[in-house]
Structure formats: structure tokens, C-alpha cells
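Residue strings, one per chain:
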Amino acid sequence: MDGVFKIGGIFFLSAVKFVFAPGAAIASGFSFWQTLIITICGGLFGVFFFYYFGLYLMKRIAKWKRKPSLSDKKSAPQVFNRGSRKLIKVKQNFGLIGLVVLTPVLISIPIGCVVAARFFSQHRLTLPLMATSVVLWAIVITWFSTFFKMNIF
């Protein structure tokens, strides 16, 4: 039963803060292949869940903020705050590829997927690229975690 909780913990850790999951799995005693399978499954679960949650959230916010029609009132000027300026800078500076590469390691999967759903949902490759990024980063981080565990301990 203890193994189920370990697997579940690593699974959900990789769904939320991916970069720490392979090291935690190796430190918990999982093999290279077990770690790879658990972290890939957890990371992919996180990508799909938070991407579709982001789409749902954007639809709810749009419905909640329903803009008045031109016949009702003059349209209000768009207000930019600090957070919206940061998101626009990320979009302009990094684009989809930058977001895809940085999401598993620097940005957390929930934040990266919600940003991807907000700005890049019209691209048909957004979700496949996010999933591919998780798989590639899982291989790299798991290999480094295994390598350092063998050479340190």
C-alpha cells in the first residue's frame, strides 16, 4: 500500500511541478524506467487537465465579462495591468515554442498550460507540442537524476 502512495505522490508532483518529480522518484527508490513511466504519465495528465481547464476558464471569464454591444454603450477602453503586461511580454518574446520548452522546467505545468490555452489555443499543434515537451524533459531529467544518484551514492 505504501508503494501506491509513493506512485500517486510522484504522479501528482509531476502533474504540478514537473522538474522535481524525477529526482523525487529516484530518491524514493524507483528504477529509471519506473520513474520515466510515472513522470511521463503524471506530466501528460497535468498537461491535458490544465490545458482543457484553461480553455474552460477562458470561456467562463469571457461569459462573465460579457462585453456590451456597440448599440448599448460605447466600448470601454481595454485596461492593462501588471499581470496582463507580463503575459503579453512572454507571448511576444518567447512564443509558443518558448512556452512549450520552458513550461515543464521553469514554469509549472498548470501555469504554462493555462497561458497556452489563453494565447495559443488556435494553434492545432499546441497540445501535441506541450505533450512532446513533457516526454523529452522526462527523459532528460530522469537520466540526470539517475546518473547523479549512481555517482553520488
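Residues numbered from 1 in each chain as written. Predicted model: local features only at pLDDT ≥ 70, side-chain atom pairs only at ≥ 80, totals over all residues. Heavy atoms only, no water.

1. Description of helix H5 (residues 109–119)
Operational definition: When a residue's accessible area, from a 1.4 Å probe over protein chains only, is under 20% of the maximum for its type it is buried; when over 50% it is exposed; and in between it is partly exposed. Put simply, DSSP marks the helices as runs of H or I at least four residues long and the strands as runs of E at least two long, and each gets a number from the N terminus on.
For H5, the tally of buried residues reaches nine of eleven residues, placing the bulk of the element in the interior. Inspection of H5 places Ile109, Pro110, Gly112, Cys113, Val114, Val115, Ala116, Ala117 and Phe119 among the buried residues, and these make up the whole buried set.

2. Here's the deal with the packing of aromatic side chains
As a reminder of what qualifies: Aromatic pairs are defined between Phe, Tyr and Trp rings, using the six-membered ring for Trp, whenever the two ring centres lie within 6.5 Å; interplanar angles under 30 degrees are classed as stacked, those over 60 as edge-to-face, and all others as tilted. A ring is considered to have a charge above it if a Lys NZ or an Arg CZ atom is located within 6 Å of its centre and within 35 degrees of its normal.
Summed over all chains, the structure comprises twelve aromatic pairs. Between tryptophan 143 and phenylalanine 147, the aromatic rings sit 5.2 Å apart at their centres with planes inclined by 10°, giving stacked as the arrangement. Note that tryptophan 143 and phenylalanine 147 are positioned in helix H6 (residues 126–152) at a spacing of four residues, about one turn of the helix. Taking the centre distance of 6.1 Å and the plane angle of 20° together, the rings of phenylalanine 144 and phenylalanine 148 count as stacked. Here phenylalanine 144 and its partner phenylalanine 148 are both found in helix H6, four residues apart, which amounts to about one turn of the helix. With relative accessibility at 40%, the residue phenylalanine 144 sits in the partly exposed group. Overall, phenylalanine 148 belongs to the partly exposed group, its relative accessible area being 43%. A network of ring pairs unites the aromatic residues Phe11, Phe12, Phe45, Phe49, Phe50 and Phe53 as a single cluster. A cation over an aromatic ring shows up here: arginine 118 above the ring of phenylalanine 119, its NZ or CZ 5.2 Å from the ring centre.

3. Considerations on the packing of helix H3 (residues 32–64) against H5
Which entries qualify depends on this criterion: The axes are straight lines fitted to the C-alpha atoms, using for helices just the contacting stretch, and the angles between their N-to-C directions are given from 0 to 180°. Any angle between 65 and 115 degrees counts as roughly perpendicular, while under 35 counts as roughly parallel, over 145 as roughly antiparallel, and the rest as oblique. What makes a crossing left-handed is the near helix being turned counterclockwise from the far one by less than a right angle; a clockwise turn instead makes it right-handed. Contacts are assigned to residue pairs with any non-hydrogen atoms lying within 4.5 Å of each other. Amino acids outside the nonpolar list (Ala, Val, Leu, Ile, Met, Phe, Trp, Tyr, Cys, Pro) and the charged list (Asp, Glu, Lys, Arg) are all regarded as polar, and Gly is one of them.
The geometry of H3 relative to H5 is characterised by a closest axis approach of 8 Å and an angle of 45° between their N-to-C directions. Viewed along their axes, H3 and H5 adopt a mutual orientation that is oblique. Crossing of H3 over H5 shows right-handed handedness. Along its contact with H3, which presents Gly43, Gly46, Val47, Phe50, Tyr51, Gly54, Leu55 and Met58, the element H5 presents Ile109, Pro110, Cys113, Val114, Ala116, Ala117 and Arg118. Classifying every residue of the contact of H3 with H5 by side-chain character gives eleven nonpolar, three polar and one charged.

4. Notes on the packing of helix H1 (residues 2–16) against H3
Where H1 meets H3, the closest approach of the two axes is 7 Å, and the angle between their N-to-C directions is 45°. Judged by the inter-axis angle, H1 sits oblique to H3. Two packed elements cross with a definite hand, and for H1 against H3 that hand is right-handed. Every residue of H3 that contacts H1 at Ile7, Ile10, Phe11, Phe12, Ser14 and Ala15 is listed here: Ile38, Thr39, Cys41, Gly42, Gly43, Phe45, Gly46 and Phe50.

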